Amino acid sequence: MYNILSEKPEEFINHEEILDTLAFAEKNKHNLEMINKIIEKAKLRKGLTHREALILLDCDIEEKNQEIYALAEQIKKDFYGNRIVMFAPLYLSNYCVNGCTYCPYHMKNKHIARKKLTQEEIRKEVIALQDMGHKRLALETGEDPVNSPIEYVLESIKTIYSIKHKNGAIRRVNVNIAATTVENYRKLKEAGIGTYILFQETYHKESYLQLHPTGPKHDYDYHTTAMDRAMQGGIDDVGIGVLFGLDKYRYELAGLLMHAEHLEAVFGVGPHTISVPRLRHADDIDADSFDNGIDDDTFAKIVACIRIAVPYTGMIISTRESQVCRERVLHLGVSQISGGSKTSVGGYAEPEPEDNKSEQFDVSDTRTLDEVVKWLMDLGYIPSFCTACYREGRTGDRFMSLCKSGQIQNCCQPNALMTLKEYLMDYASEATKKIGEYVIQEEINQIPNEKVRQIVIENLKAIEQENRRDFRF
Ligand code: SF4
Ligand code: SF4
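Residues numbered from 1 in each chain as written. Chains lettered and ligands numbered in written order. Predicted model: local features only at pLDDT ≥ 70, side-chain atom pairs only at ≥ 80, totals over all residues.

Q: Looking at this structure, how should I read the site of ligand 1?
A: Around ligand 1, the neighbouring residues are Cys 96, Asn 98, Cys 100, Cys 103, Tyr 105, His 106, Gly 142, Glu 143, Ala 178 and Lys 217. Residue composition of the shell around ligand 1, grouped by class: 5 nonpolar, 3 polar and 2 charged. (Near = placed C-beta within 6 Å. Nonpolar A, V, L, I, M, F, W, Y, C, P; charged D, E, K, R; others polar.)

Written as structure tokens, this is what we have:
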């Protein structure tokens, strides 16, 4: 029985409710009156239910689809302006005791190089990331209680925050580690993490059990309730996602939105971010052997529907996607992207030797961070290195209420300009610097509040002339 407030995963991600939803959406995909009503509701920018979002996903009336895309674009502009927040993944270890059939880190893969960074190696990686200009990291590790216990992760976070190389600093460490206990989530919170990220991979329980045949991750219920425990442990910014390609995308989108609805209903705060990775080729993984891959059109529709259904939730797209694909979906709702990423354990400080590779998947967008930053500005976006919110205590429901009311924009816009200025001063190539200075000058005039604008102008001057850093609203 579907129960959004339940603690049991089979009740809040209820299989029958998903099947009913999919049947209902299929039946109503040409129902013009209903589609119009949903679009009108979406225009209020308060989100949609999973059922409503699925009807829009299935809708195949061309004219209505154009409206859906236009609305997603408008909502993106209203909530996120033209800013795109930058981040990079940092893989700490690829030892893993699980048997996930789509990931080359699965335990049985004997030919991939296994690595675990020492604190000294982490230091080198972080300096290399700082020297690129990154301020925000997503930590990744395989699940292995012996090689990467929680103490190792906590020590690594401490190391990362402690490194200040030249003008560099990692100001926000998001963490993507396996489902764990409330106690461990509390420790992560105390270590000052930003978002706790964990992908569900698939919400389809039967597929989940087959795709995760061995290891602790096989426990669907424990995995699916991880965010509930994270919230109980005091982490109020959580990031969810599915790996599109594992099961049917309609099922996954319904599950994803039901998960968001559950967190909001129980804890009063929905997910901070939603990631939309698609399955990629990797060491011993052939993405083509999974039959649920989705094409770029469907992918764009999914992004648009998520944007409309949960306007206040950030959306992340990684370098798994090509430049072309990223360009296509950025304006439909994506608010965060990675740049210059390595998906290997180590590799930022020194490239991995050909015969000792540890990558989790093939990166599709292989450009440098500087190239990505320039490209974004060429497209009319402001790359932002902002990490202000959690450092100012704006997390969880406090963040969400500012976000839902649109007030957060008063912080995001100036912070984007000031952090971009830091990037231009410290790391940018000449070409990037040139366009960046132009963008900043143009955008200053868009700051509506006169007092804020004056402060930003002063701070930009201090960044350039006094070598000062880390201004934020
Ligand atoms: S997806 Fe995660 S848990 Fe599964 S094998 Fe890869 S690293 Fe391990
Ligand atoms: S002000 Fe907050 S919401 Fe806005 S970009 Fe910075 S960290 Fe993100």
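Q: Can you help me understand helix α19 (residues 430–444) in this one?
A: Along an α-helix, residues three or four apart share an orientation, since each turn contains 3.6 residues. Between the first and last C-alpha of α19 there are 21 Å, a value that for 15 residues agrees with the 21 Å anticipated at 1.5 Å per step. If you check which residues of α19 are buried, you get Thr 432, Gly 436 and Val 439. Taken end-on, α19 shows its buried residues confined to a sector of 65°, consistent with a single buried face. Residues of α19 that are exposed and point more than 90 degrees away from the buried face comprise Glu 430, Tyr 438, Gln 441 and Glu 442. Elements in contact with the buried residues of α19: α15 (369–378), β9 (382–384) and α18 (409–426). (Helix = DSSP H or I, 4+ residues; strand = E, 2+ residues; numbered from the N terminus. Expected span 1.5 Å × (residues − 1). Buried ≥ 20, exposed ≤ 12 C-beta atoms within 10 Å, placed from the backbone. Arc of directions from axis to C-beta. Contact = placed C-beta atoms within 7 Å.)

Q: Looking at this model, I keep getting lost on the pairing of strand β7 (residues 314–317). Mind explaining?
A: Within a regular strand, the side chains alternate between the two sheet faces. Judged by which residues are buried, β7 turns out to be covered on both faces: Gly 314 and Ile 316 on one side and Met 315 and Ile 317 on the other are all buried. Alignment of strand β6 (residues 273–275) against β7, held across 3 bridges, turns out to be parallel. Note that in β7 the partner of Ile 274 across the bridge is Met 315. After leaving β6, the chain enters helix α13 (residues 296–309) and then returns to the sheet as β7, a path that is right-handed. In this structure, β7 lies alongside strand β8 (residues 336–338), joined through 2 bridges in parallel fashion. Its bridge partner being in β8, Ile 316 is matched across the sheet by Gln 336. (Pairing = 2+ DSSP bridges. Right-handed = clockwise from strand over helix to strand, strands pointing away.)

Q: In this structure, what is going on with the site of ligand 2? I would like to understand it.
A: The immediate surroundings of ligand 2 are formed by Val 85, Ser 384, Cys 386, Thr 387, Ala 388, Cys 389, Ile 408, Cys 411, Cys 412 and Asn 415. If you list the elements that add at least two residues to the shell around ligand 2, you get α16 (388–391) and α18. At 3 residues, the largest contribution of residues to the shell around ligand 2 is made by α18. Its residues placed into classes, the shell around ligand 2 shows 7 nonpolar, 3 polar and no charged. Counting residues domain by domain, the shell around ligand 2 receives three or more from each of domain 1 (77–390) and domain 2 (409–465). (Domains from an automatic or database assignment.)

Q: Is there a simple way to explain the pairing of strand β1 (residues 83–93) in this structure?
A: Burial analysis of β1 places 10 of its 11 residues in the buried class, which makes it a mostly covered element. Two elements, β1 and β9, share 3 bridges in a ladder whose sense is parallel. When the sheet's bridge partners are listed, Arg 83 is paired in β9 with Ile 382. Both β1 and β8 contribute to a ladder of 3 bridges, which runs parallel. Bridge pairing in β8 links Phe 87 to Ser 338. Bridge count between β1 and strand β2 (residues 136–141): 5 bridges; the pairing is parallel. Residue Pro 89 lies in a different strand from β2, and its bridge partner there is Ala 138.

Read these as spatial facts, not as claims about activity.
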